[in-house]
Amino acid sequence: MHIRLLTAQDGSQFQKLRLEALQENPEAFLATFDNESSRHEDSFSQELDAVYAPPHFGFWGMFDDEDQLVAFCRITSSYLPKQLHIVSLFSLYVTPNARHQGRAKELLDHITAELKKAGIEQVYLTVISGNQPALELYLKYGFEQCGTRPQSVKWQGQYFDEIEMRLRLL
């Protein structure tokens, strides 16, 4: 396995895995398969290019030994000068064939090590309240709950809270 920031050249693999994520775990994402599957193939490459900000920010991808993308997540930073010490993590996904092998932890370990080297102090994320596996992963990893946005997600006629979480790096 190897981990790196995704570039526009990874667009087709990213599109495939992103659409898989929305089909396999629709409850975990704010986007929907119907919406994302209607996007042109080039838009996925353009999205990767638009958020690519090495050495730390953009979509991180994990590749298997055959160079196939098996996991991804996005790290963003604030452009505001008083928030340069924090980042946000979005859309962590591991393909089902690579689950239960420590891949999510491996991806988080790699990213947090890079962020620590850059002097980032805290990582924030939100988890939809119905996504128990993700909540358990983040709690086990050391994230702590720091807030809740009640009924901020409405999907298929049901409301879900967003649980805000924080990981201190320094």
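Presented here is a report on the structure given in the accompanying data block. (Residues numbered from 1 in each chain as written. Predicted model: local features only at pLDDT ≥ 70, side-chain atom pairs only at ≥ 80, totals over all residues. Heavy atoms only, no water.)

Another aspect to go through is the overall build of the chain. Each helix and strand in the chain was counted, giving five helices and seven strands. The secondary structure elements of the chain, listed N-terminal to C-terminal, are β-α-α-α-β-β-β-α-β-α-β-β. Relative to its length of 170 residues, the chain is compact, with a C-alpha radius of gyration of 16 Å against a globular reference of 15 Å. Dimensions of the chain along its principal axes, counting C-alpha atoms only, are 40 × 35 × 35 Å. Partitioning the intrachain contacts of the chain with sequence separation of at least 6 by distance along the chain shows that 62% fall at a separation of at least 24. Accessible surface, the chain: about 9,400 Å² in total, of which carbon and sulfur atoms supply 47%. Here the chain contributes 16 positively and 23 negatively charged side chains, and the mean placements of these two sets differ by 7 Å. (Helix = DSSP H or I, 4+ residues; strand = E, 2+ residues; numbered from the N terminus. Rg over C-alpha atoms; globule rule 2.2 N^0.38 Å. Contact = heavy atoms within 4.5 Å. Areas by Shrake-Rupley, 256 points an atom, 1.4 Å probe, with all protein chains shown as cover. Lys, Arg positive; Asp, Glu negative; His and termini not counted. Charge placed at Lys NZ, Arg CZ, Asp CG, Glu CD.)

With that settled, consider the pattern of salt bridges. Two side chains bearing opposite charge may form a pair once their charged atoms approach each other closely. A complete count under the given rule lists 10 salt bridges for this structure. Salt-bridge contacts for Arg18 lead to Glu36; the nearest nitrogen and oxygen are separated by 3.5 Å. In this pair, Arg18 is assigned in helix H1 (residues 11-24) and Glu36 in helix H2 (residues 33-37), connecting sequence segments 18 residues apart. Pair check on accessibility: Arg18 and Glu36 agree, each one buried. The residue Glu106 makes a salt bridge to Arg103 at a minimum N-O spacing of 3.0 Å. One end of the pair, Glu106, and the other, Arg103, are both in helix H4 (residues 103-117), three residues apart, so they sit about a helical turn from each other. Taken together, the shared-partner salt bridges in this structure form one network comprising Arg18, Glu36, Arg39 and Glu47. (Salt bridge = Lys/Arg side-chain N within 4 Å of Asp/Glu carboxyl O. Buried < 20%, exposed > 50% of the residue type's maximum accessible area, 1.4 Å probe, protein only.)

We now examine the packing of aromatic side chains. By the definition in use, this model includes eight aromatic pairs. Seen in terms of ring centroids, Phe14 and Phe44 are 6.2 Å apart; in terms of plane orientation they differ by 65°. Their pairing is edge-to-face. Of this pair, Phe14 sits in helix H1 while Phe44 sits in helix H3 (residues 41-51), and the two are 30 residues apart along the sequence. An aromatic cluster is present here, built from Phe14, Phe29, Phe44, Phe59, Phe72 and Tyr93 joined pairwise through their rings. In this structure, Arg39 packs its charged tip against the face of Phe44, placed 3.9 Å from the ring centre. (Phe/Tyr/Trp six-rings, centres within 6.5 Å; stacked < 30°, edge-to-face > 60°. Lys NZ or Arg CZ within 6 Å of the ring centre and 35° of its normal.)

In terms of nonpolar packing, the biggest core is built from 32 residues, with Leu89, Leu107, Leu115 and Tyr138 touching the most fellow members. A total of five residues in this core trace back to one element, the largest contributor, which is H4. If near-sequence neighbours (up to four positions away) are discounted, Leu107 is found in contact with Ile3, Trp60, Met62, Ala71, Phe72, Cys73 and Leu92. Listed in part, the 15 residues of the second largest apolar core include Leu6, Leu22, Phe29 and Leu48. (Core = buried A, V, L, I, M, F, W, Y, C linked by side-chain atoms within 4.5 Å.)

Bringing the pairing of strand S4 (residues 86-94) into the picture now. As paired elements, strand S3 (residues 69-77) and S4 share six bridges and run antiparallel to each other. Within S4, the residue paired with Arg74 across the bridge is Phe90. For the crossover that starts at S4, traverses H4 and ends in the parallel strand S5 (residues 122-128), the hand is right-handed. (Pairing = 2+ DSSP bridges. Right-handed = clockwise from strand over helix to strand, strands pointing away.)

The next subject is the packing of H4 against helix H5 (residues 132-141). One way to put it is that H4 packs onto H5 with a least axis distance of 11 Å and a crossing angle of 50°. If you check the angle between H4 and H5, you find them oblique. Handedness of the H4/H5 crossing: right-handed. Seen from H4, the contacting residues are Ala104, Lys105, Leu108, Asp109 and Thr112; seen from H5, they are Leu137, Tyr138 and Tyr141. (Axes fitted to C-alpha atoms, helices over the stretch in contact; angles between N-to-C directions. Parallel < 35°, antiparallel > 145°, perpendicular 65-115°, else oblique. Left-handed = near helix turned anticlockwise from the far one by under 90°.)

With that settled, consider the environment of Gln9. Counting through the fold element by element, Gln9 comes out in the loop between strand S1 (2-5) and H1. Looking at Gln9, its side chain comes within polar contact range of the side chain of Thr7, at 2.8 Å. (Polar contact = N/O pair within 3.5 Å; in protein donor to acceptor, adjacent residues only side chain to side chain.)

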